[in-house]
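Residues per chain are reported as follows:
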Amino acid sequence: MAISSIFSRAATVTALTLPLIFAANANAGGLEAGQCYTKAEAEAVLAQEGQKPLFGGDRITDSKPANIFFVNDSGYGYNIEGDQSLGTPSQKLCVGSSYKNVHINSRDNPNIPSWGLNIKNNGSIDVQKAYSNGGRLVFAAQSYSMKNGQEVDGQAIAVIAGSPESGRTDAAVWSVDAGGVPDDLFSMRKFNVFPHMNTLLAQ
């Protein structure tokens, strides 16, 4: 199975599932995964590409740096980490990944979205068990890098967060390989959904 197909089988949009799938022909790629930028440099590119924050939290480390996921209207975006915790302005912003073909899902939806059913149980990550414990898949996308002016697909990315009714404010970010097998990338605390994501879900 091609990596790009893992999350391509989204269900028809309903009031419950609310997966949002964007087109894959975007104006993006001005920031490079693995590179760091000054706040001014990164913000200028984000503004030029129409990038808006979906959600974020503090990565669980000693320094607790803020991690924010962005997307533009064409479904391209970035995971960007700051040098300060969420709520405190960062002066250096580092790009963890570039991605496309974004799917989002509401934390209020008790059902696993169709694209989440493609994520296999690897023994330590189990989507069904996570849902029984109040977890909710909120995001999936296809990571990519640029080589010789062409997009080269990497692994898929998925984010699962605590549902509002669970009272949990944690989240986990997974990579998902071509066979649908997940692996932990990092965890976050103080997970927070930003207004733009709610606006997209309402559409």
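Please refer to the structure higher up on the page.
Keep in mind it's a predicted model, so treat the numbers as computed, not measured.

**Quick word on unusual backbone geometry**
- Unlike most non-glycine residues, Lys64 shows phi in positive territory, near 50°.
- Residue position: Lys64 is located in the loop between β3 (52–59) and β4 (66–71).
- Look at Lys64 and you get partly exposed, because its relative accessible area is 31%.
- Look at Asn148: it is not a glycine, yet its phi comes out positive at around 55°.
- Looking at where Asn148 falls in the secondary structure, it is placed in the loop between β7 (135–147) and β8 (150–162).
- According to the relative accessible area criterion, Asn148 is exposed, its value standing at 74%.

**Examining the nonpolar core**
- If you look at the biggest cluster of nonpolar residues, it comprises 22 residues, and the most contacted ones within it are Phe55, Phe69 and Phe139.
- By residue number, the principal contributor to this core is strand β10 (residues 182–193), which donates 4 residues.
- Apart from residues lying up to four places away in sequence, Phe55 is in contact with Asn67, Ile68, Phe69, Val138, Phe139, Val159, Phe191, Asn192, Val193, Phe194 and Met197.
- Formed by 15 residues, the second largest nonpolar core is a distinct cluster that contains Ile119, Ala156, Ala172 and Val176.

**Details of helix α1 (residues 39–48)**
- Listed as buried for α1 are Ala42, Val45 and Leu46. The arc that holds the buried residues of α1, viewed along the axis, is 100°, so those residues lie on one side. Set apart from the buried face of α1 by more than 90 degrees, the exposed residues are Ala40, Ala47 and Gln48.
- Buried residues belonging to α1 abut β2 (36–38), β4, β5 (77–81) and β6 (92–104).
- Where α1 ends, the next residue or the one after it, Gly50, has phi of about 70°, a positive value.

**A closer look at the pattern of salt bridges**
- Counted under the stated rule, the structure contains 6 salt bridges.
- Here Arg59 ties to Glu81 by a salt bridge, and the two come within 2.6 Å at their closest N and O atoms. Taken together, the residues span a long stretch of sequence, with Arg59 in strand β3 and Glu81 in strand β5 at a distance of 22 residues.
- Looking at Arg59, the relative accessible area reads 24%, which means it is partly exposed.
- For Glu165, the salt bridge goes to Arg136, with nearest N and O atoms at 3.5 Å. Separated by 29 residues along the polypeptide, Glu165 in the loop between β8 and β9 (171–176) and Arg136 in strand β7 bring together distant segments of the chain.
- The network of salt bridges with common partners includes Lys100, Glu151 and Asp153.

**Some remarks on the packing of aromatic side chains**
- In the structure shown here, the tally under the stated rule is 7 aromatic pairs.
- Note on Phe69 and Phe139: the rings are 5.3 Å apart at their centroids and 65° apart in plane angle, and the pair reads as edge-to-face. Of this pair, Phe69 sits in strand β4 while Phe139 sits in strand β7, and the two are 70 residues apart along the sequence. Accessibility classification places Phe69 together with Phe139 in one group, the buried group.
- Centre to centre, the rings of Tyr76 and Tyr144 are 5.5 Å apart; their planes meet at 75°, and the pair counts as edge-to-face. Linking Tyr76 in the loop between β4 and β5 with Tyr144 in strand β7, this pair joins segments that are 68 residues apart in sequence.
- Judged by relative accessible area, which is 3%, Tyr76 ranks as buried.

**So, the pairing of β3**
- Pairing geometry for β3 and β4, over 6 bridges, is antiparallel. When the sheet's bridge partners are listed, Phe55 is paired in β4 with Phe69.
- Joining the antiparallel neighbours β3 and β4 is a turn of 6 residues, in which Lys64 adopts a positive phi near 50°.
- Of the pairings in the sheet, the one linking β3 to β10 comprises 4 bridges and is antiparallel in character. Within β10, the position partnered with Arg59 by the bridge is Met188.

Criteria and thresholds
- Residues numbered from 1 in each chain as written.
- Predicted model: local features only at pLDDT ≥ 70, side-chain atom pairs only at ≥ 80, totals over all residues.
- Heavy atoms only, no water.
- Helix = DSSP H or I, 4+ residues; strand = E, 2+ residues; numbered from the N terminus.
- Buried < 20%, exposed > 50% of the residue type's maximum accessible area, 1.4 Å probe, protein only.
- Core = buried A, V, L, I, M, F, W, Y, C linked by side-chain atoms within 4.5 Å.
- Contact = heavy atoms within 4.5 Å.
- Arc of directions from axis to C-beta.
- Salt bridge = Lys/Arg side-chain N within 4 Å of Asp/Glu carboxyl O.
- Phe/Tyr/Trp six-rings, centres within 6.5 Å; stacked < 30°, edge-to-face > 60°.
- Pairing = 2+ DSSP bridges.

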